[in-house]
Amino acid sequence: MTTVTKEAAGPAPAAPGAFLSVRDLYVRFGTEDGVVKAVDGLSFDLERGSTLGIVGESGSGKSVTNLAVLGLHDPRHTEIAGEILLDGQELTGAGERTLERLRGNKMAMIFQDPLTALSPYYTVGRQIAEPYRKHTGASRREAHRRAVEMLDKVGIPNPRLRAEDYPHQFSGGMRQRAMIAMALVCNPDLLIADEPTTALDVTVQAQILDLLRDLQQEFGSAIVLITHDLGVVAETADDILVMYAGRAVERGSVREVLREPRHPYTWGLLNSMPSLTSDPDEELTPIPGTPPSLLAPPPGCPFHPRCAHTAEVGGNRCSGERPLLPEGRGAACHLTPEQKRRLRTGGATGLPPERHRTEQPGSRPA
Amino acid sequence: MLRFLVRRSLGAVVILLIISALTFFLFYSIPRDPALLACGKNCSPEALEVVRRNMGIDKPVPVQYWEYMVGVFAGRDFAVGPCPAPCLGYSFVDNTPVWKTILDRFPTTVSLAAGAAVVFLTVGLGAGMLAAARRGTLVDKVFSAGSLVVSSLQIYFIGPLAIALFVYQLGWLSQPEYVNLTEDPAGWFAGLLLPWFVLSMIFTANYTRMARSTMIEQLQEDHVRTARAKGMSRPFVFFRYAWRGSLIPIVTIFGVDMGSLFGGAMITEFTFTLPGLGRLAVQSVLNTDLPMLMGVMLFAATAIILCNVLVDAAYAFIDPRVRLS
Amino acid sequence: MKDAGGTSRTADTLPAPRDGGHEPSRGEPLLVAEGLTKHFPVMGGFPFRRQVGAVRAVDGIDLSVGVGESFGLVGESGCGKSTTGRLLTRLLEPTAGRITYRGQDITRARRRQLAPIRPEIQMIFQDPYSSLNPRQTVGTIVGGPMEINGIDPPGGRERRVRELLEIVGLNPEHYNRFPHEFSGGQRQRIGVARALGLQPKIIVADEPVSALDVSIQAQVVNLLHRLRREMGIAFLFIAHDLAVVRHFSQRVAVMYLGKIVEVGDRASIYERPRHPYTHALLSAVPRAALWDDDEAEGDGDGARAGAGRRTGTAPGRGRERIRLAGDVPSPVDPPSGCRFRTRCWKAREKCATQEPPLVRIEGNHEGHLTACHFPEEPTTAARGADVILDPALAAAERDRGPSPAAERDRAPGGDG
């Protein structure tokens, strides 16, 4: 692992009380075409028992970040620099043994596609019991009992019987429940859920999200929820981190970010999302262009080629100077608060001026 | 599962019937009369008729086929004596019972094939898995290049070379020979060591490459990553999760290779002059010995089909999705 | 190579639709399906394999797409919406039922009879990566179907292809490039250009944006919108995302296990749904808008008043919260009577014995049909008590009292 030169100012120290603290993380992959800067100087903190929603599109680095936290990246092609502190313990340079003891025990992960993420060759019960045996030293019988208990907890009917089933005998929603049971079996302090409901149907997604929230209260785990869907974050998370091209561009509580987004990319995301409450006859406002290649990300602000407000900032500042994301609530953008306020004359929604949705006739009886 | 096996076995019977019929009718399309050969130089038409009747080839071909098949299942009587089921007839050449000759010869072929399979599965899969685990390192590169070279060799080329080297030059091994396993296990082993080595050579190379590529594929599966995310150790994940998945393609290819393994065994018999089924088959073709040829064909086909049914059963054993659907 | 500028370039005007013959006017039925059914055989049995059952993917549905209309088909996986699209484009042979295109029965039409109609009914697929031949250039992909169908535009095919690329917002210079040089959104545009080259009257779009990133989705949805508006192309828009469908479709049908359970104009379906399943679907959509909660938590500050994006919520009322149990049952052996009854909180004996007809029930607007014996109130506002059918959720919430989320979504003091 070689060191990566760090840009800009050094990282601020980890916030006190933070349970997971990622400081100035860089992840780079060597590929045939060149070096992919998958994560480019990312910092965030997560407190015990709270949920952080990491929002971004494909290639924003949100999944890579979390694989790096667990140390599941391919070490031969990956360079990692920065700090990942889990409960004060440094993970970036940690040995395989140390990580193995933490994985599935103190930190666990739920993957997107429960069909491919569960092994087709072993029973669900066995796959859930496996990490429990490994981390607690429980007997085979104890571990099995625990697996059945977990299946019951995540709402699998007839858990004793279903524990003997193979994943392909489960429906999509049940597989994801089994996956959750597996992740929570050792009572982890940190749960990373990577698009946990993207492969599921809407009604099942709603069940799973609520279940995750309920289980979090019971287990007290901190959750990192990775998703492309702002709606999912809104319903589940406490805080939001918006990522774009390997960098965090905005951070704040769910309420702050969704009600008063401060980064033009967040504005764009909100405006391009059709919702059940917006005026359906009005065109959506897409973000023009496509996300940048991470082989050669744009200089300065990575969003500037797609941003409508670079002229407002003036000069070549957006393409020349990388905006920094302040600690706590804030956005990595050169626009001044006054400029943003002016651009969002619509009020608190963060809409650019060209976009005012008209009031729609009341849809519900008053 | 049981249903599946029964259905497969029924299919196997159909295939065997087709093979036997094809062999039978093809044999009679050869413009050579086995009776004429058996009758000798000074053969009168009357004598020829007697020979024909004794050989059971005086009737129309379809009737002969029918009688032959009845004999296989129920036994039949020949001029030379009764022949209990499974009756494969008597050799045209020396009137020995075919079944007995085959029972006599097949242990050589099976020993050859099975021994070689053990060698190439162990060495090939081992090397392939090691290459996959050490992907990109020197070990991987050496194995990959080596397997490419070895897979282009042929039995009748390396066979004599191996004898020249190990038997005559170095004197490490004696001339290959077949000794009955039950009589002298050590002799059996020593006598077949060189043929095994030669026969398994090409297969080893192929299995190394295949094991490497399927393992690499499996190691990138989502569920393998999940297992690592659970904190399972690298070796555990490698053997429990990735290896299990790579078994399916390997077993598939192994089933397909069954035919060429027997074929290879027969060539090896020739190369090392071992008394197996392969030499028996070639001799019976040269001698226009229909019963012997039919016997060997049916026996070999049954063996190969049986192995394939076992392979299918192995799928179900390996993959619960096959077993439980 | 990705060209960030290329995608946003769009032509201002669209060419007029091909003339010739009778042009049906807007509103007239264009593509009609009656009793459309598709059963995929399930093989099995012993000792010889035979058909032992059927996946009843589509089981007798009626629908009609008018000229220039956009008709949305929503439902969860396995409801038969994609199969319906493939049946209507005659990519699959229906088991039963009738498909008419401009009054002409095409259900059993042969290849040759279909030939003049095929170009008019086009399809856009979900996966922009696998639906384009990687060895063909964009020019061949878009121009090839024109050649096959003998379409000779004035000025030549190449010129027309370049024009089409411009219409869908791609750089005409990319004529000779290969699909792998484009991003997902751009590939979907190539698929749209390919369909447009044949001057279709109707495009069946099967999940056209669900494989795309959020910011790109809107680009493609807007493009399709524009094609419909300016070229008068009708759309059958198949999707699982209720918000996208709402945005694109004038009329919407909700499918469940091979049946249409509710159909109507957009406002009826989204604001006055009657079928419990439609209620459940709508309530399950996660929403990025938080204004309901402000009310519930008593902090509806001034910001809300200026929120142009947020409309139509009566003060003091959140949305209803319905959490179904389990997944959709197998279409091999669907429940008797009403297919939704196994997951429905209102199910009674009648639902198991009688299949509810798809009819206009009392209180519905015209054209709003619902297949339910015991329909819900025509509102999506929060009800007295949440409907929680999921046993694990119900248990968790009973043990601990309502979760903060439940409180968030509930009307204050409205707990029952």
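From a predicted model like this one, the values you see are computed outputs, not experimental measurements.

**Here's the deal with the sheet that holds strand S9 (residues 251-256) of chain C**
In a beta sheet, neighbouring strands are held together by backbone hydrogen bonds and run either parallel or antiparallel to one another. Residues and elements named next belong to chain C. Reading across the sheet, the seven strands line up as S6-S7-S8-S3-S9-S10-S12 and stay open at both edges, with mixed pairing between neighbours. At either end of the open sheet lies a strand with only one pairing partner, and these are strand S6 (121-124) and strand S12 (369-370). Relative to strand S10 (residues 259-265), S9 runs antiparallel, the two being bridged by six bridges. Across the sheet, arginine 251 pairs through a bridge with aspartate 265, a residue of S10. Helix H6 (residues 214-231) contacts strand S3 (70-74), S6 and strand S8 (234-239) of the sheet and is inclined by roughly 155 degrees relative to S8.

**A look at the UniProt feature "transmembrane region" (unreviewed entry) in chain B**
Residues and elements named next belong to chain B. The UniProt record marks residues 12-30, 112-133, 145-168, 188-208, 247-272 and 292-318 with the feature "transmembrane region" (unreviewed entry), using the residue numbering of this structure. The distance separating the terminal C-alpha atoms of residues 145-168 is 29 Å; by composition the span is 83% helix and 0% strand. Split by type, residues 247-272 is 100% helix and 0% strand. Its first and last C-alpha atoms lie 33 Å apart.

**Some remarks on the UniProt feature "domain: ABC transmembrane type-1" (unreviewed entry) in chain B**
Per the UniProt entry, the sites bearing "domain: ABC transmembrane type-1" (unreviewed entry) are residues 106-315 of chain B in this numbering. Between the first and last C-alpha atoms of residues 106-315 of chain B the distance is 27 Å; the span itself is 83% helix and 0% strand.

**What about the pattern of salt bridges?**
The full count for this structure, using the stated rule, is 54 salt bridges over all chains. For A:Arg23, the salt bridge goes to A:Asp45, with nearest N and O atoms at 2.7 Å. Of this pair, A:Arg23 sits in strand S1 (residues 18-31) while A:Asp45 sits in strand S2 (residues 34-47), placing them 22 residues apart in sequence. Judged by its relative accessible area of 2%, A:Arg23 falls in the buried class. Between C:Glu93 and C:Arg108 there is a salt bridge whose closest N-O contact spans 4.0 Å.

**Concerning the side chain of B:Thr109**
All names here are of chain B. Along the chain, threonine 109 falls in helix H5 (residues 98-133). A distance of 2.8 Å separates the side chain of threonine 109 from the backbone nitrogen of leucine 277, its partner in a polar contact. For threonine 109, the contacting residues outside a window of four places in its chain are Phe262, Ala265, Glu269, Gly276, Leu277 and Gly278.

**Structural notes on a nonpolar patch on the surface**
Residue and element names in this part refer to chain B. Residues Val14, Ile18, Leu22 and Leu26 make up a contiguous nonpolar surface patch of about 390 Å² in total accessible area. Inspection of the secondary structure puts leucine 22 in helix H1 (residues 2-28). We classify leucine 22 as exposed; its relative accessible area is 53%.

**Remarks on the sheet that holds strand S3 (residues 51-55) of chain A**
All names here are of chain A. Taken in spatial order, the seven strands of this open sheet run S6-S7-S8-S3-S9-S10-S11, and their pairing is mixed. Of all the strands in the sheet, the pair left with one neighbour each is strand S6 (107-110) and strand S11 (330-331). Sheet analysis places strand S7 (residues 190-194) next to strand S8 (residues 222-227), joined by five bridges and oriented parallel. Counterpart to alanine 193 in the pairing with S8 is leucine 225. Where helix H7 (residues 172-184) meets the sheet, its contacts fall on S6 and S7, and the angle it forms with S6 comes to roughly 170 degrees. On the sheet, helix H11 (residues 264-272) packs against S3, strand S9 (239-244) and strand S10 (247-253) and is oriented at approximately 100 degrees with respect to S9.

**Remarks on helix H11 (residues 277-286) of chain B**
Residue and element names in this part refer to chain B. Residues Leu277, Gly278, Leu280, Ala281 and Ser284 constitute the buried set of H11. Taken down its axis, H11 places every buried residue within 165 degrees of arc, on the same side. On the buried face of H11, the contacting elements are H5, helix H10 (234-272) and helix H12 (290-318). After H11 finishes, the residue threonine 288 shows a positive phi value of roughly 50 degrees.

**Thoughts on the domain arrangement of chain C**
All names here are of chain C. With domains assigned, chain C is organised as domain 1 (9-16 + 26-42 + 54-249) and domain 2 (275-361 + 374-409). With eight residues of domain 1 in contact, the opposing surface of domain 2 contributes 10 residues. Summing the contributions of domain 1 and of domain 2, the shared interface buries around 860 Å²; its carbon and sulfur component is 63%. Of all residues in domain 1, the largest losses of buried area upon contact with domain 2 belong to Arg56, Glu76 and Leu242, amounting jointly to 56% of the total for that side. In this structure, the connection of domain 1 to domain 2 is made through two salt bridges. Of the charged contacts in the structure, one is a salt bridge between arginine 343 and glutamate 76, with a shortest N-O distance of 3.9 Å. Summed over the shared surface of domain 1 and domain 2, the result is three residue pairs in polar contact (both at pLDDT 80 or more). Here the element with the most residues in the side of domain 1 that touches domain 2 is strand S2 (residues 50-66); it accounts for four residues.

Reading the values: rules and limits
Residues numbered from 1 in each chain as written. Chains lettered and ligands numbered in written order. Predicted model: local features only at pLDDT ≥ 70, side-chain atom pairs only at ≥ 80, totals over all residues. Heavy atoms only, no water. Pairing = 2+ DSSP bridges. Helix = DSSP H or I, 4+ residues; strand = E, 2+ residues; numbered from the N terminus. Contact = heavy atoms within 4.5 Å. Axes fitted to C-alpha atoms, helices over the stretch in contact; angles between N-to-C directions. UniProt positions renumbered as here; feature names shortened; annotations may be inferred. Salt bridge = Lys/Arg side-chain N within 4 Å of Asp/Glu carboxyl O. Buried < 20%, exposed > 50% of the residue type's maximum accessible area, 1.4 Å probe, protein only. Polar contact = N/O pair within 3.5 Å; in protein donor to acceptor, adjacent residues only side chain to side chain. Patch = residues over 30% accessible without salt bridge, like charges linked within 9 Å, V, L, I, M, F, W, Y side chains within 5 Å. Areas by Shrake-Rupley, 256 points an atom, 1.4 Å probe, with all protein chains shown as cover. Arc of directions from axis to C-beta. Domains from an automatic or database assignment. Buried area = accessible area lost by both parts, 1.4 Å probe.

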